Amino acid sequence: MTKKFWNRVFASAFSGALALVAAGCLSDDLGNSPGGARKPEIYTGQDEGRNAPDFNAFRIDDRVQIFFSGSSDPPENHTERVNDDGTITLALIGSVKAGGLTPKELEEEIQRRYVPEYYKRLSVSVQREDRYYWVSGEVRLPSRLNYLGETTVLRAIAAAGHFTDFANQKKVKLTRKSGKLWLIDAKAAQKDSRYDAPVYPGDRIHVERRF
């Protein structure tokens, strides 16, 4: 074998090794870049308190569908995602706060803004697009799941087929849509529901592997 041949072999192997290292650096087990990774905090059941979001309320980036009826010439039906400032924009009335309101509350607010200033009678129906959360790692059916209402980490894991035999049940990561990272002890949560954290739309649950 020539020296030139071996130089090519070593160069190829070195490039492959660099690619593997780069891939490992670019993402962690939650799909986050190291620069954006946050140190997890242990969930004790009281950490979020009054700051915990209403699971039924609209949040930033939720898609809002609004249907109008009850008038001979109602506004056009409207679909829009909640903006970063928590608002949507409707014909005639402009900016309307949607973030933090439930569908029923938003219906009432929109109707109040339209009636009686613009319409004598108007029916408003607000719906939301399907919302999701994700479960990955050592569960039997890792997947994106429909958020159908109030749920918790243990229920979400059950919906994903339960833990595998290799799951580290004491090390479950819960990443909020906001980026907040909690570390859940599922063993403790099975004994005391205070340690079973609530799950909200957009959250990601990752079960570590037991070594």
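Here the structure is shown first, and the text comes after it.
The structure presented is a predicted model; accordingly, all values stated were derived computationally and were not measured.

A few words on the layout of surface pockets. Computed from the structure, the largest pocket encloses a volume of approximately 320 Å³. Taken together, the residues of the lining of the largest pocket sort by class into three nonpolar, four polar and 11 charged.

Pairing within the open sheet is mixed, and its six strands lie in the order β1-β11-β10-β13-β7-β8. At either end of the open sheet lies a strand with only one pairing partner, and these are β1 (41–42) and β8 (143–146). Sheet topology places β1 next to strand β11 (residues 181–184); two bridges connect them, and they run parallel. By the bridge assignment for β11, E41 is matched with W182.

To continue, consider the packing of aromatic side chains. Evaluated as defined, the whole model comprises five aromatic pairs. When the ring of Y43 is compared with that of W182, the centres are 5.4 Å apart and the planes differ by 85 degrees; the resulting orientation is edge-to-face. In this pair, Y43 sits in the loop between β1 and β2 (63–69) while W182 sits in strand β11, placing the two residues 139 residues apart along the sequence. The class for W182 is buried, based on a relative accessible area of 3%. The interplanar angle of 65 degrees and the centroid separation of 5.9 Å between the aromatic rings of Y114 and Y119 together place this pair among those described as edge-to-face. Taken together, the ring pairs connect F68, Y114, Y118 and Y119 into an aromatic cluster. Taking NZ or CZ as reference, R128 lies 4.6 Å from the ring centre of F58, over its face. The lysine or arginine in question, R204, covers the ring of W134, its NZ or CZ lying 4.2 Å from the ring centre.

Attention now moves to unusual backbone geometry. Cis geometry is adopted by the peptide bond preceding P116, which originates at V115 and carries an omega value of 10 degrees. The residue P116 is located in the loop between α2 (103–114) and β6 (123–128) in this model. A positive phi angle, close to 75 degrees, is found at H162, a residue other than glycine. Structurally, H162 can be placed in the loop between α3 (153–159) and β10 (167–175). Of the residues examined, H162 reaches a relative accessible area of 47% and is grouped as partly exposed.

Rules of the game
- Counting restarts for each chain, with residues numbered from 1 along the sequence as it is written.
- Given that the model is predicted, a residue must reach a pLDDT of at least 70 before its local features are reported, and side-chain atom pairs must reach 80 or more before they are shown or counted; all residues, however, enter totals for whole chains, interfaces and linings.
- To get the side-chain values, all heavy atoms of the structure are used, and hydrogens and water are removed first.
- Within this scheme a cavity is a closed region of a 1 Å grid, computed over the protein atoms alone, that accommodates a 1.4 Å probe without allowing it to escape, whereas a pocket is open but has protein on both sides within 12 Å along at least five of seven lines; lining residues each have an atom within 4 Å of a point.
- Grid points are joined across faces, edges and corners, and a volume is the space filled by probe spheres set on the points.
- Residues are grouped as follows: Ala, Val, Leu, Ile, Met, Phe, Trp, Tyr, Cys and Pro are nonpolar; Asp, Glu, Lys and Arg are charged; every other residue, Gly included, is polar.
- When DSSP finds two or more bridges between two strands, those strands count as paired.
- Starting at the N terminus, helices and strands are each numbered in turn, a helix being any DSSP run of H or I of at least four residues and a strand any DSSP run of E of at least two.
- When two rings of Phe, Tyr or Trp (its six-membered ring) have centres within 6.5 Å they constitute a pair, described as stacked for plane angles under 30 degrees, edge-to-face for angles over 60, and tilted for the intermediate range.
- Under the scheme applied here, a residue whose accessible area is under 20% of the maximum for its type counts as buried, over 50% as exposed, and between as partly exposed, the area being computed with a 1.4 Å probe on protein chains only.
- Here, a charge over a ring is recorded when the distance from Lys NZ or Arg CZ to the ring centre is within 6 Å and its angle to the ring normal is within 35 degrees.

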